Amino acid sequence: MNDFSPTEFTLDYIFDSLGALPAFPEVVQKAMKLLDDPNTTMEQLAEVIKYDQAITANILHLTNSAHFGLSRQVTSLDTALALLGQQQVRQVLVASASMPFLAKDIEGYNMTAHDLWAHAMGCAIISEIVAKYCEYPEPAVLFTAALLHDIGKTVMHLYVGPRLKEIVTKANSQEITFSEAEWDVLGGDHAVIGSDILRKWEFPPDVVRAVRNHHDPDLYIQDDLSALLAMSDILTVQLGIGVGVDGFRYRINPELPSRLGLDQAAIHKCVIEGYREYQNAQDILGLINK
Ligand SMILES: [Fe+2]
Ligand SMILES: [Fe+2]
């Protein structure tokens, strides 16, 4: 994987390699489709999930974390699903299935497995607060986009690891944004690559688009989900949660807060509440070490 000359490292090469990526767990895909049908019962859902032991174990760990706020320890999948609401079931499903993909060291970006998982989970948790202040009606969809928004970084690390240092050097020496450096070196950035993975994994088109747009200030302003995701990511970085070497090196559209109807006071509340919720979720972050 490391033997390619610079000219062979192109976006096409990465896209060709995506076929070799592990599939998103089929059990979770099926469960998500079931959740789209309002007539689905939690028993039907448990019937699909229970044969996957790793997912079931993760769901139980997540369900018992403070973040999901159940008052008693739950040891069976049926009970867990029954006690969580529809939106929270969707969240624990995506989070439990994403964990193995997100908990990876990414040397080029100077991120440990813990950093990437913390950034993903932190952004997802903060997105719930942002959704609340913006009265966004589909917080679980935003949660999914937030959790997976930087998944392109793990793929870039897998397939073009050695070129990541070149991107960092270029961004620093030429004082350009990280996205620009990624485009210069690879012909695309982690947002484009991430959105392609999510398309392959059959995530909804609005999630794919929001992930595609998350560092593009002209694009993320154009639809609610993209704008909400960009704002959640910016606040997560400002709070220093799982920030890599690329941290603050992105352009921000100054119209983003007003696009979302957020004034300074509301943003301040999002930051305070978001950080508190993130602190409450430390047991979720610890899951990757289990
Ligand atoms: Fe990103
Ligand atoms: Fe991010």
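The shown structure was predicted, so the numbers you read here are calculated from the model rather than taken from an experiment.

Q: Can you lay out the overall build of the protein chain for me, pointing to particular residues and giving the numbers?
A: Summing up its helical and strand segments, the protein chain has 16 helices and zero strands in all. The C-alpha radius of gyration of the protein chain comes to 19 Å, within 12% of the 19 Å expected for a compact globule of 290 residues. On the principal axes, the C-alpha backbone points of the protein chain span a range of 55 × 45 × 30 Å. Classification of the 290 residues of the protein chain by burial places 44% in the buried group. Here the analysis covers contacts within the protein chain between residues at least 6 apart in sequence; of these, 69% occur between residues at least 24 apart.

Q: Explain the domain arrangement of the protein chain to me, using residue names and the numbers behind them.
A: Here the protein chain is described as being made up of domain 1 (24–96) and domain 2 (103–290). Once you take the C-alpha centre of each, domain 1 and domain 2 turn out to be 25 Å apart. Counting residues at the interface gives 13 residues for domain 1, matched by 13 residues for domain 2. At the level of secondary structure, the elements contributing two or more residues to the side of domain 1 that touches domain 2 comprise helix 4 (53–63) and helix 6 (86–102). It is helix 6 that provides the largest number of residues to the side of domain 1 that touches domain 2, a total of five residues.

Q: Got a sec to walk through the packing of helix 9 (residues 151–173) against helix 10 (residues 178–186)? Specific residues and values, please.
A: It is the contact of helix 9 with helix 10, at a shortest axis distance of 9 Å, that shows an interaxial angle of 130°. With respect to helix 10, the axis of helix 9 lies oblique. With respect to the hand of their crossing, helix 9 and helix 10 are arranged in right-handed fashion. Residues Val160, Arg163, Glu166, Ile167, Lys170 and Ala171 of helix 9 lie in contact with helix 10, whose contacting residues are Phe178, Ala181, Glu182, Asp184, Val185 and Leu186.

Q: Which residues make up the nonpolar core, and what are the values?
A: A general tendency of soluble globular proteins is for nonpolar side chains to be buried together. Within the largest apolar cluster, 86 residues are counted, with the highest numbers of intra-cluster contacts made by Met121, Leu142, Ala145, Leu147 and Leu228. Considering each element in turn, this core owes the most residues, 13 residues, to helix 7 (residues 113–134). Lining this core are residues from two domains, each supplying at least three of them: domain 1 (24–96) and domain 2 (103–290). For Ala145, the contacting residues outside a window of four places in its chain are Val207, Ala210, Val211, Leu225 and Leu229.

What counts as what
- Every residue gets a number counted from 1 within its own chain, in the order that chain's sequence is written.
- As a convention, the first chain written is A and the first ligand written is 1, with the rest following in written order.
- Selection of residues for local features in this predicted model requires a pLDDT of at least 70, selection of side-chain atom pairs for listing and counting requires 80 or more, and totals for whole chains, interfaces and linings are taken over all residues.
- Only runs of H or I of at least four residues qualify as helices and only runs of E of at least two qualify as strands under DSSP, and these elements are numbered from the N terminus.
- Using C-alpha atoms as the atom set, the radius of gyration is obtained and then compared with a globule rule of 2.2 Å times the number of residues to the power 0.38.
- Buried means a residue has 20 or more other C-beta atoms within 10 Å of its own C-beta, exposed means 12 or fewer, and partly exposed covers the counts in between; C-beta atoms are placed from the backbone.
- For every residue pair, C-beta atoms are placed from the backbone, and the pair is scored as a contact if these atoms sit within 7 Å.
- The split of the chain into domains comes from an automatic or database domain assignment.
- In this analysis an axis means a line fitted to C-alpha atoms, helices contributing only their contacting stretch, and an angle means the value between N-to-C directions, from 0 to 180 degrees.
- An angle below 35 degrees is treated as roughly parallel, one above 145 as roughly antiparallel, one from 65 to 115 as roughly perpendicular, and anything else as oblique.
- By definition, any crossing whose near helix is turned counterclockwise from its far helix by less than a right angle is left-handed, and any crossing with a clockwise turn is right-handed.
- Residues enter a nonpolar core if they are buried, belong to Ala, Val, Leu, Ile, Met, Phe, Trp, Tyr or Cys, and are joined to the set through C-beta atoms within 7 Å.

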